[in-house]
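# Coordinates in review
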Amino acid sequence: LRVNDGSPCMNAADAKKWYQNCLSRGHEGAVFKAPDGTYRAGGRDKSWWRQKRFDEIELVVVGIVATSGRKHYRLATKDGQVVGDAIARSKDVDSAMMLALMPHGIEATTTKTRHGPRIVIETRPVLVATVKVSGVRQGSEGLTLRDAVVMMPRIDKQADEATTAAELAAMRGA
């Protein structure tokens, strides 16, 4: 592998050193390419490898959004700020999330979009989930999550044990 400055990565230790260097300069990760890999506009093939930093946080599930066969979990901080939607890591996690949320649905609304129906189910803010994110950014409507994935429901935690908006804001600078 070669890194963008042309220096070779001969082994995993070199790649890890370069990755840590990228993070220390404020980048969200690094992209590596095999020496014989080619650039293809609009995509990457298997000769390209992307490594991002991910953090795990605890957020409150406040709804489910389903569109065109896809389901996302609406997430909020302990203090009620909605910070985005996330998919489940696997079908098993999705099943566990749905079982944990079933008794907590409040209201469902359906709207038509050009891609099909959009169903939003609001839930009571009682279920906490472990969420993996690559970062937090400040959007026009507040804090939002980057690359959020629900890893598991946390039935052992209460909503008041989740991450606060202030803690998420502090992650922006990390």
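In this report, we go over the structure that sits alongside the text. All values reported here derive from a predicted model rather than from experimental measurement. (Residues numbered from 1 in each chain as written. Predicted model: local features only at pLDDT ≥ 70, side-chain atom pairs only at ≥ 80, totals over all residues. Heavy atoms only, no water.)

Each helix and strand counted, the protein chain has 3 helices and 10 strands in total. Along the protein chain, helices and strands appear, N-terminal first, in the series α-β-β-β-β-β-α-β-β-β-β-β-α. By principal-axis analysis of the C-alpha atoms, the protein chain measures approximately 55 × 35 × 35 Å. Within the protein chain, the proportion of its 174 residues that are buried is 34%. (Helix = DSSP H or I, 4+ residues; strand = E, 2+ residues; numbered from the N terminus. Buried < 20%, exposed > 50% of the residue type's maximum accessible area, 1.4 Å probe, protein only.)

Among the nonpolar cores identified, the biggest contains 24 residues, and Val131, Leu145 and Leu168 are the most heavily contacted of them. Looking at this core, the elements with two or more residues in it are strand S3 (55-67), strand S4 (70-76), strand S5 (82-88), helix H2 (91-101), strand S7 (116-133), strand S9 (142-146) and helix H3 (165-172). Not counting residues within four places of it along the chain, the set of residues in contact with Leu145 comprises Ile57, Leu59, Leu75, Val83, Val133, Gly135, Val136 and Leu168. By size, the runner-up hydrophobic cluster in this structure holds 7 residues, among which are Cys9, Tyr19, Cys22 and Phe32. (Core = buried A, V, L, I, M, F, W, Y, C linked by side-chain atoms within 4.5 Å. Contact = heavy atoms within 4.5 Å.)

With that out of the way, let us pick up H2. Looking only at H2, the buried set comprises Val93, Asp94, Met97, Ala100 and Leu101. Looking straight down H2, one finds its buried side chains confined to an arc of 130 degrees; they lie on one side. Structural note: H2 exposes Lys91, Asp92 and Leu99 on the side pointing more than 90 degrees away from its buried face. On the buried face of H2, the contacting elements are S3, S4, S5, strand S6 (105-113), S7 and strand S10 (149-154). (Arc of directions from axis to C-beta.)

We now examine helix H1 (residues 12-24). Here H1 spans 18 Å end to end across 13 residues, near enough to the 18 Å set by a 1.5 Å rise per residue. Among the residues making up H1, those that are buried are Ala15, Trp18, Tyr19 and Cys22. Across the axial projection of H1, the buried residues extend over an arc of 100 degrees, all falling on one side. Along H1, exposed side chains directed more than 90 degrees from the buried face belong to Ala13, Lys16, Lys17 and Ser24. Of the surrounding elements, those touching the buried residues of H1 are strand S1 (29-33) and strand S2 (48-52). Positive phi appears at Gly26, one or two residues downstream of H1, with a value of about 95 degrees. (Expected span 1.5 Å × (residues − 1).)

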